[in-house]
Amino acid sequence: MTIVDVLTVFLVILSLMLVFQAFWLFGTALFPRMVGQARDRYKTPIRTTLIGLAVVVPTFLIGFTWLGQFPNPIVKGAGLVIGVVPLMLGLIGSAGLCQLIGLGLPAPGDQSQNWRRVWRGGWVLNFCYLLPGPGWVFLAWSIISGCGAFVTSLSDRGNDRNNDRGRGRGNSRAPRQS
């Protein structure tokens, strides 16, 4: 193995790590409430993983196996989209896992810059993915459970909006009278 091969492998791995970080920060920037709800979903990881499996496995089978066999390139392209979209949503949903890890690594500026928690937690996850074998299994689990966290966060969005109604300024609840 020459230095060129070593640098190629190093740069490919570094690029993948940066892509993961970009998806996690993208999700945090565009959907902060959903990422916070996804973080809460990781408190029940088995349920979240099972929901993710229920979404990812059928879309993989439909997208790659069933639609990938058609000779029409448009149908093959639709199969690729159907198979890849849950993975992308899983990366955005696993931003909740990054945020949960980042909460365990507090820093002084966290209250004003919530994205820093995701940034730190994301680098911890990225370095966990580097371990051959167990790290790759953990990568698959985090994407599948991230898809489950994303889906369950979407289902609870309507409930949170209804709870915000009638609170007035500042979105704070009035204290209860006993």
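Residues numbered from 1 in each chain as written. Predicted model: local features only at pLDDT ≥ 70, side-chain atom pairs only at ≥ 80, totals over all residues. Heavy atoms only, no water.

Draft legend 1. Seen up close, the environment of A140. Checked against the element boundaries, A140 lands in helix 7 (residues 134-155). Relative accessible area serves as the criterion here: at 35%, A140 is assigned to the partly exposed category. Distance in space between the C-alpha atoms of A140 and L87 is 9.6 Å, their sequence separation being 53 residues. (Helix = DSSP H or I, 4+ residues; strand = E, 2+ residues; numbered from the N terminus. Buried < 20%, exposed > 50% of the residue type's maximum accessible area, 1.4 Å probe, protein only.)

Draft legend 2. Just the confidence of the model for the protein, in detail. Mean pLDDT over the protein: 86, with 87% of residues reaching 70 or higher. Within the protein, the lowest mean pLDDT, 47, falls on helix 8 (residues 157-164), and the highest, 94, falls on helix 1 (residues 3-30). Counted against residues more than four places away or in other chains, residues 160-168, with its pLDDT under 50, gives 8 contacts. (pLDDT = per-residue confidence, 0-100. Contact = heavy atoms within 4.5 Å.)

Draft legend 3. Region of the structure containing the packing of helix 4 (residues 73-93) against helix 7. In the contact formed by helix 4 and helix 7, the axes pass within 6 Å of each other and the chain directions differ by 80°. When the axis of helix 4 is compared with that of helix 7, the two are roughly perpendicular. Two secondary-structure elements touch here, helix 4 through P86, L87, L89, G90, L91, I92 and G93 and helix 7 through S142, I143, G146, C147, A149 and F150. Along the lines of polarity and charge, the residues of the contact of helix 4 with helix 7 split into 9 nonpolar, 4 polar and no charged. (Axes fitted to C-alpha atoms, helices over the stretch in contact; angles between N-to-C directions. Parallel < 35°, antiparallel > 145°, perpendicular 65-115°, else oblique. Nonpolar A, V, L, I, M, F, W, Y, C, P; charged D, E, K, R; others polar.)

Draft legend 4. Focus on the environment of L87. Residue position: L87 is located in helix 4. Between the C-alpha atom of L87 and that of V56, which follows or precedes it by 31 residues, the distance is 7.7 Å.

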